[in-house]
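Next come the chains, spelled out residue by residue.
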Amino acid sequence: MRSVDEHLTEILGAVRVLPPLDLALLEAQGTVLAEPVSAPVPLPPFDNSAMDGYAVVSADIAEASESSPVTLPVVGDITAGDPAVSAIRPGLTARIMTGAPLPAGADAVVPVEWTDGGAATVRISRPAPPGHYIRRAGEDVREGQVVLEAGTRLGAPQIGMIAAVGRARVTVRPKPRVVVVSTGDELREPGTPLGHGEIWESNAYMLTAAVVEAGGVGFRQTTVVDEPGKVREMLEDQLARADAIVTTGGVSMGTKDVVKEVLAGTGTVGFHKVRMRPGKPQGFGLLEGTPVFTLPGNPVSAYVSFQVFVRPAMRAMQGLPPEPLPTVTAVLAEDITSPAGLRHFLRGDLSFDDGVYTVKAAKVQGSHQLGSLASANSLIVVPEDVEALPAGSRVSVMRLPS
Ligand code: AMP
Ligand code: MG
């Protein structure tokens, strides 16, 4: 038997960050930057107007008021992208649109709402101090400033930022390509009828979706029957295309535990009993350099194993810290018990009321009971040395991706 931490340490010691890849910007969504991105020019690149209005010399309108407006000639229109008027002198004004470059000589913008909106001349009824409604060059980002550090996951704002500094391509850590395959003679494809003793295959669907939630690209493979030759063939086929392989089933102590039979002693793959519930039988190792995770077949065991071991490994492959699922401290709504010596992951219902997280364990916790996982939003983590926790205790709770 080994601890959860020992097993995870072995995994994280074996997986490698994926080599960087140069991608077009929109293809990089969800990947992780492998380089810092900096701004070649300041942003904004030039002083410009923050409003639709009139560019003025502020001293000209210092005395303007509702009762005695100041009237100025308008020398032209400056629109964003068309700096038709490059300068004004005292006593003149130019109509200016949001984002248009401020003409030389002007030191303030009067919003159109403070004027009569005139085209040839304009009546201005309020003063504006120097700098008013001007967006200065570099006030968003300075020239040369690093706007995104290496190791940043690229969501929508980050993709926007990279475009805004003029980059069409970026160097990133690609999304890990994870092949997911279930094993078991009893498994049938959803959408086909069941015979006696058969069940619909669900693990590979669930884990392929979990791979995507963890930032990877998931490839669900056709289920493999419990024959060593078929398992071996599948692994050989998949090694070429995968950054990691996840199997489920066939790793416990039964007579048809073919995954274990085929992989034990192959590459660096080892099988262990891990002190956790659910998810005790685990296998992991490198096969021709590719990480292979052999997870148990019971659906909840497979899912918890994925979140506890595969997800952190996938993060490490992307150059991210291998942190666990987002975890909060919550107050237990009801008493719970937990087996001695095992880290216990209980399906829970986490809620947030009056500024406090409260969590209630699901009534059923069998590792085959996918129903209670599908209606849970969290996993309560009970440490190895704890056997009972009364209602009101504080516990760590991992939020499940939703
Ligand atoms: P095994 O680890 O192969 O002995 O499987 C343990 C239990 O999980 C058995 O009840 C299997 O029928 C079930 N099981 C295994 N693989 C899957 C799967 N892909 N989808 C749903 N149930 C599964
Ligand atoms: Mg099986």
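Residues numbered from 1 in each chain as written. Chains lettered and ligands numbered in written order. Predicted model: local features only at pLDDT ≥ 70, side-chain atom pairs only at ≥ 80, totals over all residues. Heavy atoms only, no water.

One open sheet accounts for 3 strands, arranged β1-β12-β2; its pairing is antiparallel. The open sheet is flanked by β1 (21-24) and β2 (32-33), the only strands paired with a single partner. Alignment of β2 against strand β12 (residues 169-173), held across 2 bridges, turns out to be antiparallel. Bridge pairing in β12 links L33 to V172. (Pairing = 2+ DSSP bridges. Helix = DSSP H or I, 4+ residues; strand = E, 2+ residues; numbered from the N terminus.)

Here we take up the pattern of salt bridges. Opposite charge on two side chains lets them pair, provided their charged atoms get close. The final tally for this structure, using the stated rule, is 15 salt bridges. We note a salt bridge from R169 to D22, for which the minimum N-O separation is 2.7 Å. Linking R169 in strand β12 with D22 in strand β1, this pair joins segments that are 147 residues apart in sequence. Note on D22: relative accessible area 43%, which makes it partly exposed. Residue K363 is joined to E334 by a salt bridge in which the shortest nitrogen-to-oxygen separation is 3.3 Å. (Salt bridge = Lys/Arg side-chain N within 4 Å of Asp/Glu carboxyl O. Buried < 20%, exposed > 50% of the residue type's maximum accessible area, 1.4 Å probe, protein only.)

As a further point, take the site of ligand 1. Taken together, 15 residues surround ligand 1, and among them S182, E186, E201, S202 and G250 come closest. The side chain of E201 places a nitrogen or oxygen atom 2.7 Å from a nitrogen atom of ligand 1. Here an oxygen atom of ligand 1 sits 3.2 Å away from a polar atom, N or O, in the main chain of G297. Here ligand 1 loses 76% of its free accessible area of 480 Å² to cover by the protein chains. If you map ligand 1 onto the pockets, it falls in the largest pocket. (Near = heavy atom within 4 Å. Polar contact = N/O pair within 3.5 Å; in protein donor to acceptor, adjacent residues only side chain to side chain. Areas by Shrake-Rupley, 256 points an atom, 1.4 Å probe, with all protein chains shown as cover. 1 Å grid on protein atoms, 1.4 Å probe; cavity = no way out; pocket = protein on both sides within 12 Å on 5 of 7 lines; lining within 4 Å. Sits in = over half its atoms within 2 Å of the grid points.)

Time to look at the pairing of strand β17 (residues 244-248). Most of β17 sits out of view: 5 of its 5 residues are buried. Here β17 shows no split at all, with A244, V246 and T248 on one side and I245 and T247 on the other all buried. The pairing of β17 with strand β21 (residues 290-295) spans 4 bridges and is parallel. Bridge pairing links T248 to L295 in β21.

Moving on, we get to the packing of aromatic side chains. One pass over the structure, following the stated rule, counts 2 aromatic pairs. On the numbers, 5.0 Å between centres and 50° between planes, the contact of F284 with F293 is tilted. Each member of the pair, F284 as well as F293, carries the same accessibility label: buried. Ring centres of F352 and Y357 lie 4.7 Å apart, and the angle between their planes is 55°; on these two criteria the pair is classed as tilted. Cation over ring: R126 sits above W114, and NZ or CZ is 3.9 Å from the ring centre. One cation-aromatic arrangement involves R241 over F219; the distance from NZ or CZ to the ring centre is 4.7 Å. (Phe/Tyr/Trp six-rings, centres within 6.5 Å; stacked < 30°, edge-to-face > 60°. Lys NZ or Arg CZ within 6 Å of the ring centre and 35° of its normal.)

This part covers the layout of surface pockets. Empty space among the atoms can be located by rolling a probe the size of a water molecule over them. Its volume calculated, the largest pocket comes out at about 550 Å³. Lining the largest pocket are 33 residues, with S252, P296, G297, N298 and S301 sitting closest to its centre. Where the lining of the largest pocket is concerned, the elements lending two or more residues are β15 (199-200), β19 (276-277) and α6 (299-317). When its volume is computed, the second largest pocket comes out at roughly 200 Å³. Residue lining of the second largest pocket: 16 residues in total, with V308, P324, R343, F345 and M398 positioned closest to the centre. Residue assignment for the lining of the second largest pocket shows that the elements contributing at least two residues are α1 (4-14), α6, β24 (343-353) and β28 (394-399). (Points joined across faces, edges and corners; volume = space filled by probe spheres on them.)

Among the secondary structure elements, S305 is positioned in helix α6. According to the relative accessible area criterion, S305 is buried, its value standing at 0%. A distance of 2.5 Å separates a polar atom in the side chain of S305 from the backbone oxygen of S301. Those residues in contact with S305 that lie beyond four places of it in its chain are G279, Q282, L295, P296 and V310. (Contact = heavy atoms within 4.5 Å.)

Following L43, the chain continues to P44 via a peptide bond in cis, the omega torsion being -10°. Between R277 and P278 the backbone carries a cis peptide bond, its omega angle lying at -10°. Here P278 is to be found in the loop between β19 and β20 (281-287). Although it is not a glycine, Y133 sits at a positive phi angle of roughly 55°.

Right, let's get into helix α3 (residues 203-213). Taken together, the buried positions of α3 are occupied by N203, A204, M206, L207, T208, A210 and V211. Against the buried residues of α3 lie β13 (177-182), β16 (217-220), β17, β21, α6 and α7 (370-374). Phi turns positive, to about 95°, at G215, one or two residues after α3.

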